[in-house]
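What follows is each chain in one-letter form.
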Amino acid sequence: MNTIDFRLPVRTSAALALTLGSLTLATPVPAYATGGGEGRASAVVLRTGLDVSLLNKTIEVPLKTTLNEVRAPAGSRTARETALEVKLDGVEKGQPVSVLKADVATATATVAADRAEGATHLLHARLHVPGLPLLSLVEVQDVTAKAVCAAGARPVASSNLLGAVTVLGKKLTLTTGGTTRVAVPGVGEVTLDLSSSRTTSRTAAATALRLKVSVNPLKLNVAEVEGEVTLAEATCETPRPLSRTSSTSVRPQTLAADPELAETGGGGPTRYVIGGAAALLAAGGVAVTRARRG
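So, here's what we can say about the structure. Values in this document were obtained by computation on a predicted structure and should not be read as measured data.

## Focus on the overall build of the protein chain
Logical step 1: Secondary structure assignment for the protein chain yields three helices and 18 strands.
Logical step 2: Considering the protein chain as a whole, with its 294 residues, one finds that 36% of them fall into the buried category.
Logical step 3: Considering only intrachain contacts with a sequence separation of at least 6, the fraction spanning at least 24 residues in the protein chain is 61%.

Here's what the structure looks like:
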């Protein structure tokens, strides 16, 4: 068996590099995520928007406060509050008024990659307003509100009032949602909206109890209270899913052949292209030699 060792001269290799000129390579574009959005959730145990007028409206004090209001994401994906009391200073003959007291008062908002949820729980709560130091505006036994927004599912909102509800000293048994009006002569009236919920394709909101308040004890104009109170509210917004681009598209890249690399045996893709071309020329040279010998 004859062995033929064929080597391409360096000058020929350089000339081949110049002849090839430039080479265009097609490389795939990797897939990457686009779009998408983080979900949102919120919860609040108590929110008041009341106007308190003292001494025949010579002094007006807005009572706008919240208890355990949380939102996510807001620096973290889970927010939680458990305060059990909120006070208003300087409206009851200079003494603080405990607006709300509860045995349990929690609000939680959580956001994950595919889920957002807000929830509140209120147990044995008593709500007071100025002018009624000995009489609760409303007392509730067990109140919950929850809103869940999960990717791929319709948002869900629910709220419950378990047990009796007492308004201005009157005990009510409330089993269904709707509006209830309670009036007490010489004290005032309260309108209650019970267990309301609303949903869209991406959002949900639940409110256990919303009260419209108008209180003026004995019409003395010592402390007149007007406005709204919300107990146990939760909201959420579904995270938007991520979309991915296709990885089958190609992006052209042009590599110029470098004669110096061919001449010095440099690295890079050009070296392999020239090497392959040299192998083809070598094969052709062997065939010619064999033909001549034949």
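## Let's talk about the pattern of salt bridges
Pairing is possible between side chains of opposite charge, provided their charged atoms come close.
Logical step 1: With the rule as written, the count across this model stands at 10 salt bridges.
Logical step 2: In this structure, Glu69 and Arg71 form a salt bridge, with 3.4 Å as the shortest nitrogen-oxygen distance.
Logical step 3: A residue is classified by how much of its surface remains accessible, and Glu69, at 33% relative accessible area, is partly exposed.
Logical step 4: The salt bridge involving Glu237 is made with Arg202; its shortest N-O contact spans 3.3 Å. One end of the pair, Glu237, is in strand E16 (residues 223-237); the other, Arg202, is in the loop between strand E14 (188-199) and strand E15 (203-215), and 35 residues separate them in sequence.
Logical step 5: Look at the salt bridges and you will find they share partners, linking Arg47, Glu69, Arg71, Arg210 and Glu233 into a network.

## Some words on the state of the cysteines
Logical step 1: As enumerated under the stated definition, the model contains one disulfide in all.
Logical step 2: Each sulfur of the disulfide joining Cys149 and Cys236 lies 2.0 Å from the other. Judged by the sign of its S-S torsion, about 70 degrees, the bond between Cys149 and Cys236 is right-handed. Here Cys236 lies in strand E16 and Cys149 lies in strand E10 (residues 138-150), a separation of 87 residues in the sequence. For the pair Cys149 and Cys236, a shared accessibility class is recorded, and that class is buried.

## Concerning unusual backbone geometry
Logical step 1: In this model, Ala72 is joined to Pro73 through a cis peptide bond whose omega is -5 degrees.
Logical step 2: Structurally, Pro73 can be placed in the loop between strand E5 (70-72) and strand E6 (78-81).
Logical step 3: For Ala232, which is not glycine, the phi dihedral falls at a positive 60 degrees.
Logical step 4: Along the chain, Ala232 turns up in strand E16.

## As for the side chain of Thr120
Logical step 1: Looking at where Thr120 falls in the secondary structure, it is placed in strand E9 (residues 115-127).
Logical step 2: Not counting residues within four places of it along the chain, the set of residues in contact with Thr120 comprises Ala43, Val44, Val45, Thr106, Ala107, Val143, Thr144, Ala145, Ala232 and Glu233.

## Examining the nonpolar core
Logical step 1: With 61 residues, the main nonpolar core has Leu46, Leu100, Leu122, Val138, Val167, Leu192 and Leu209 as its most contacted residues.
Logical step 2: Apart from residues lying up to four places away in sequence, Val167 is in contact with Leu137, Val138, Leu172, Val182, Val190 and Leu192.

## Some thoughts on the side chain of His128
Logical step 1: Mapping His128 onto the fold places it in the loop between E9 and E10.
Logical step 2: Judged by relative accessible area, His128 falls into the buried class, the value being 18%.
Logical step 3: Polar contacts involving the side chain of His128 include one to the side chain of Ser136, which spans 3.4 Å.
Logical step 4: Every residue in contact with His128, bar those within four places of it in the chain, is listed here: Ser98, Val99, Pro133, Leu135, Ser136 and Leu137.

## What about the pairing of strand E13 (residues 178-184)?
Logical step 1: Alignment of E13 against E14, held across seven bridges, turns out to be antiparallel. Paired with Arg181 across the strands is Thr191, a residue of E14.
Logical step 2: Linking two consecutive strands that pair antiparallel, namely E13 and E14, is a turn of three residues; a positive phi of about 80 degrees is found at Gly186 within it.

## Comments concerning the environment of Asn68
Logical step 1: With respect to the helices, strands and loops of the structure, Asn68 is situated in the loop between strand E4 (59-67) and E5.
Logical step 2: Contacts of Asn68, omitting those with residues within four sequence positions, involve Ala43, Val44, Val45, Glu81, Thr82, Ala83, Ala105, Thr106 and Ala107.
Logical step 3: A polar atom in the side chain of Asn68 sits 3.0 Å from the backbone nitrogen of Ala83.
Logical step 4: A polar contact is formed between the side chain of Asn68 and the backbone oxygen of Ala105, at a distance of 2.6 Å.

Calculation rules
Counting from 1, residues in each chain are numbered in the order their sequence is written. Only residues with pLDDT of 70 or above have their local features reported here, since the model is predicted, and side-chain atom pairs are shown and tallied only from 80 upward, although totals for entire chains, interfaces and linings are computed over all residues. Only heavy atoms go into the side-chain values, all of them from the structure, while hydrogens and water stay out. Secondary structure elements follow DSSP: runs of H or I no shorter than four residues count as helices, runs of E no shorter than two count as strands, and numbering proceeds from the N terminus. The cut-offs for exposure are 20% and 50% of the maximum accessible area for each residue type, with area from a 1.4 Å probe on protein chains only; residues under the lower value are buried, those over the upper are exposed, and the others partly exposed. By definition in these notes, contact holds between two residues if any of their heavy atoms fall within 4.5 Å. When a carboxyl oxygen of Asp or Glu is within 4 Å of a side-chain nitrogen of Lys or Arg, the pair counts as a salt bridge. Cysteine sulfur atoms that come within 2.5 Å of each other are treated as a disulfide pair. In these notes, a set of buried Ala, Val, Leu, Ile, Met, Phe, Trp, Tyr and Cys residues joined through side-chain atoms within 4.5 Å is what counts as a nonpolar core. Whenever two N or O atoms come within 3.5 Å, that pair is a polar contact, provided that in protein one can donate a hydrogen and the other can accept it, and provided that, for residues adjacent in sequence, both atoms are side-chain atoms. Strand pairing is defined by DSSP finding a minimum of two bridges between the two strands.

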